[in-house]
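Now for the letters of each chain:
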Amino acid sequence: MDLGLKGKVALVAAASKGLGRAVAEELAAEGAALILCARHDEALQATCAAISAATGVPVLGIAANVAEPADVARVVQAAQGRFGRIDILVTNAGGPPAGTFDALSAEQWHAATQLLLTSVVELTRAVLPGMKARGWGRILNITSISVKQPVENLMLSNSLRAAVTGMARTLATEVAAEGITVNNILPGYTRTERVVSLADATAAKEGISAADATARWESQIPMRRLGEPREFAALAAFLCSERASYITGTSIPVDGGWIRGLL
Ligand code: NAD
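Numbers given for residues are sequential positions, taken from 1 along each chain in its written order. Only residues with pLDDT of at least 70 get local features here, since the model is predicted, and only at 80 or more are side-chain atom pairs given and counted; chain-wide, interface and lining totals rely on the full set of residues. As a convention, hydrogens and water are excluded, and side-chain values are obtained from all of the structure's heavy atoms.

Focus on the pairing of strand β1 (residues 9–12)
Right, on to step 1. Between buried and exposed lies partly exposed: a residue is buried under 20% and exposed over 50% of the maximum accessible area for its type, with that area taken using a 1.4 Å probe on protein chains only. For the purposes of this entry, the term helix denotes a DSSP run of H or I that reaches at least four residues, the term strand denotes a run of E that reaches at least two, and both are numbered from the N terminus. Burial along β1 is two-sided: Val9 and Leu11 facing one way and Ala10 and Val12 facing the other are all buried.
Right, on to step 2. At least two DSSP bridges between two strands are required for those strands to pair. When β1 meets strand β2 (residues 33–38), the two strands line up parallel, connected through 4 bridges. Note that in β2 the partner of Ala10 across the bridge is Leu34.
Right, on to step 3. For the handedness criterion, the β-α-β arrangement of β1, helix α1 (residues 18–29) and β2 is classed as right-handed. By definition, the crossover connecting two strands over a helix is right-handed if that path, from the first strand to the second, turns clockwise as seen with the strands pointing away from the viewer.

This is the structure:
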């Protein structure tokens, strides 16, 4: 299937590692030019160079913290300067701290709101006028399985990703007639650095091995294994493509069957 991504320009946020990087690699393999951001310039530039060498597409890396609106504006400005437009936006950020309601401070709520919700609002605000002017756009938010089935001890993620989902569904209706789709993709337990370090942290806390911590997650997943970032990225690239032109306002999990709900 030709996804029709050749020559499109995609901004993928928080993409030096993990899911963001995997999505960037898949879009580049389909011929899209990229703008990537992440907080640490060295890791980001190494990722940009590797993707460009592997695919031949131009990849611009701008160090930025997506929780800072001024950084978001700088990334979008640099992308406009280099490529003249952004056709595809993939929002992403690092995960917020775990914790129950009682364990979280007002400062942690504020920081998580900036990281998970404000970053999506600001990135979207910056790219939407150009998409409207060209009559074509794809906005894809990386959220979590927690929007369909809250995950214990992840109060901040469960709450703020639900807010992103509400925003995305509302925006999808507002811009649908202008050729712009807005969707969310929901990772389940996927083998990234974050999940490996979560397993280490769980192991240290409970006095078990990291393998045992991972095995406990796997026992809750019908496929009995973690997902691979490439499996996640395949759906992401499709949702960003020309071929996904009649899909908008959805939240689609890539979770090995973890969510037990019907819809
Ligand atoms: P990861 O830690 O492997 O990678 C995160 C990437 O984001 C890195 O490139 C990092 O540099 C960048 N980043 C972090 N904070 C940033 C910020 N403030 N500004 C700019 N860049 C930033 O994480 P991942 O596993 O790829 O997860 C990505 C997102 O998906 C997270 O929000 C995570 O909570 C969510 N998620 C992941 C899983 C999973 O199993 N991997 C499951 C559900 C949800």
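Here the narrative resumes, following the displayed structure.
Description of helix α8 (residues 229–239)
Right, on to step 1. Buried within α8 are the following residues: Pro229, Phe232, Ala233, Ala236, Ala237 and Leu239. All buried residues of α8 lie within an arc of 155° about the axis, which places them on one face of the element. Our arc is simply the arc of the directions from the helix axis toward the C-beta atoms.

Some words on the pattern of salt bridges
Right, on to step 1. Throughout this description, the term salt bridge denotes a Lys or Arg side-chain nitrogen within 4 Å of a carboxyl oxygen of Asp or Glu. All told, the structure shown has 9 salt bridges when counted by the stated rule.
Right, on to step 2. Note that Arg21 and Glu25 form a salt bridge whose closest N and O atoms lie 2.9 Å from each other. One end of the pair is Arg21 and the other is Glu25, both in helix α1 and 4 residues apart, which spans about a single turn.
Right, on to step 3. Judged by its relative accessible area of 25%, Arg21 is partly exposed.
Right, on to step 4. Its relative accessible area of 32% is what places Glu25 among the partly exposed residues.
Right, on to step 5. Glu206 is the salt-bridge partner of Arg216, the closest N and O atoms lying 2.9 Å from each other. Here Arg216, found in helix α7 (residues 210–220), pairs with Glu206, found in helix α6 (residues 193–206); they are 10 residues apart in sequence, far enough to count as distant.

Concerning the site of the ligand
Right, on to step 1. The criterion for a residue being near a molecule or strand is simple. One of its heavy atoms has to lie within 4 Å of it. Taken together, 27 residues lie around the ligand, and Ser16, Leu19, Ala93, Thr190 and Thr192 are the ones closest in.
Right, on to step 2. Here a polar contact is recorded for every N or O atom pair within 3.5 Å, except that within protein the pair must consist of a potential hydrogen donor and a potential acceptor, and residues adjacent in sequence are included only if both atoms are side-chain atoms. At 2.9 Å, a side-chain N or O of Arg161 approaches an oxygen atom of the ligand.
Right, on to step 3. Gly188 places a main-chain nitrogen or oxygen 3.0 Å from an oxygen atom of the ligand.
Right, on to step 4. Alone, the ligand offers 830 Å² of accessible surface; in the complex the protein occludes 92% of this.
Right, on to step 5. In terms of residues, the shell around the ligand owes the most to one element, α6, which gives 3 residues.
Right, on to step 6. Of the residues contributing to the shell around the ligand, the split by class is 11 nonpolar, 11 polar and 5 charged. Calculation of accessible area relied on Shrake-Rupley with a 1.4 Å probe; when residues are assessed, cover is drawn exclusively from the protein chains displayed. Residues are sorted three ways: Asp, Glu, Lys and Arg are charged, Ala, Val, Leu, Ile, Met, Phe, Trp, Tyr, Cys and Pro are nonpolar, and all the rest, Gly among them, are polar.

Section: the sheet that holds strand β6 (residues 180–187)
Right, on to step 1. Here 7 strands make up an open sheet; going across it, the order is β3-β2-β1-β4-β5-β6-β7 and the pairing parallel. Looking along the sheet, the strands with just one partner apiece sit at the ends: β3 (59–63) and β7 (251–254). Put simply, the sheet's adjacent strands are angled 20° from each other on average, direction ignored.
Right, on to step 2. Of the strand pairs in this sheet, β2 and β3 are connected by 5 bridges, and their pairing is parallel. Note that in β3 the partner of Ile35 across the bridge is Leu60.
Right, on to step 3. Two residues form a contact once any of their heavy atoms are found within 4.5 Å. Here an angle of 0 to 180 degrees is reported between the N-to-C directions of two axes, which are lines fitted to C-alpha atoms, with helices fitted over the stretch in contact. Here helix α4 (residues 106–134) sits on the sheet in contact with β1, β4 (88–91), β5 (137–142) and β6, set at roughly 170° to β4.

Describing the domain arrangement of the chain
Right, on to step 1. By convention here, the domain bounds are inherited from an automatic or database domain assignment. When cut into domains, the chain gives domain 1 (9–188 + 228–245) and domain 2 (190–226).
Right, on to step 2. Here the C-alpha centre of domain 2 lies 25 Å away from the C-alpha centre of domain 1.
Right, on to step 3. The interface is formed by 10 residues belonging to domain 1 together with 7 residues belonging to domain 2.
Right, on to step 4. Summing both sides of the interface, domain 1 and domain 2 together bury roughly 740 Å²; the carbon and sulfur share of this comes to 42%.
Right, on to step 5. Counting across the interface, domain 1 meets domain 2 through 3 salt bridges.
Right, on to step 6. Our enumeration of links across domain 1 and domain 2 arrives at 4 residue pairs in polar contact (both at pLDDT 80 or more).
Right, on to step 7. Elements with a minimum of two residues in the side of domain 1 that touches domain 2: α1 and α8. Buried area: the accessible area, evaluated with a 1.4 Å probe, that two parts lose upon being put together, summed over both parts.

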